[in-house]
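Structural overview
So the chains spell out like this:
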Amino acid sequence: MKSAACLACLLAGLLGGEGIPALASPALLVLAQSGFQPYINVRFGYRLDYPADFVPQGESDSGDGQVFIGKEGAELRVWGGYNILQATPASALQEELQRSRESRRWVTYQVAGRDFFVVSGYEPDGQRIFYLKKLVSPSLEAGFELVYPASRRERYDRDVEAIARSLRFVDP
């Protein structure tokens, strides 16, 4: 625990130092969960933790997100954007359900909360599971989708739970 506190102080000092842009105030700095690495998107002000064994593919040209490739065919996509259509979590959920129907995905779980929605189920091949969570604010949206082999469900169900808990907007 003491080493985690020292690491937090070190990171807070680095983020506040000269020549390094402050991504978040030290009070908002959240350390990644054990076995995970933090991804912070500066353009749209969101963060999440991704599994440490996933390989980042590089920030997109538009700066809205990134793809991370895991072992065994798992893929994590993260993105952010402006909420130009003034979507609510409920309306964004309905839009995602329509996309899922068009893609022939089998949705087994859906929920909308005050500032988010989740859709999960199976890809058309029935061999892969998808889990999509999106935060929706009046001005911004940020989300992720993890697609993974159903045969590795035990491992990736735990990962997706941790990723979902870590997704949040951060103040620059």
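To start, this report covers the structure provided alongside it. A quick note: this is a predicted structure, and the numbers were derived from the prediction, not measured. (Residues numbered from 1 in each chain as written. Predicted model: local features only at pLDDT ≥ 70, side-chain atom pairs only at ≥ 80, totals over all residues. Heavy atoms only, no water.)

1. Notes on the pattern of salt bridges
Scanning all chains against the criterion turns up 14 salt bridges. A salt bridge links R105 to E123; the nearest nitrogen and oxygen atoms lie 2.7 Å apart. Taken together, the residues R105 in the loop between α2 (89-102) and β6 (106-112) and E123 in the loop between β7 (116-122) and β8 (128-136) connect sequence positions 18 residues apart. As a salt-bridge pair, D125 and R128 come within 3.0 Å of each other at their nearest N and O atoms. What you see here is one network of salt bridges that share partners, running through D53, R155 and D159. (Salt bridge = Lys/Arg side-chain N within 4 Å of Asp/Glu carboxyl O. Helix = DSSP H or I, 4+ residues; strand = E, 2+ residues; numbered from the N terminus.)

2. Description of the pairing of strand β5 (residues 75-82)
Relative to β5, strand β4 (residues 65-69) is paired through 5 bridges, and the arrangement is antiparallel. Paired with Q66 across the strands is V78, a residue of β5. Hairpin connection of β4 to β5: 5 residues between the antiparallel strands, including E72 at a positive phi of 60 degrees. Where β5 lies against strand β9 (residues 140-149), 8 bridges are found, and the strand directions are antiparallel. Each residue of the ladder has a partner; that of L76, found in β9, is L146. (Pairing = 2+ DSSP bridges.)

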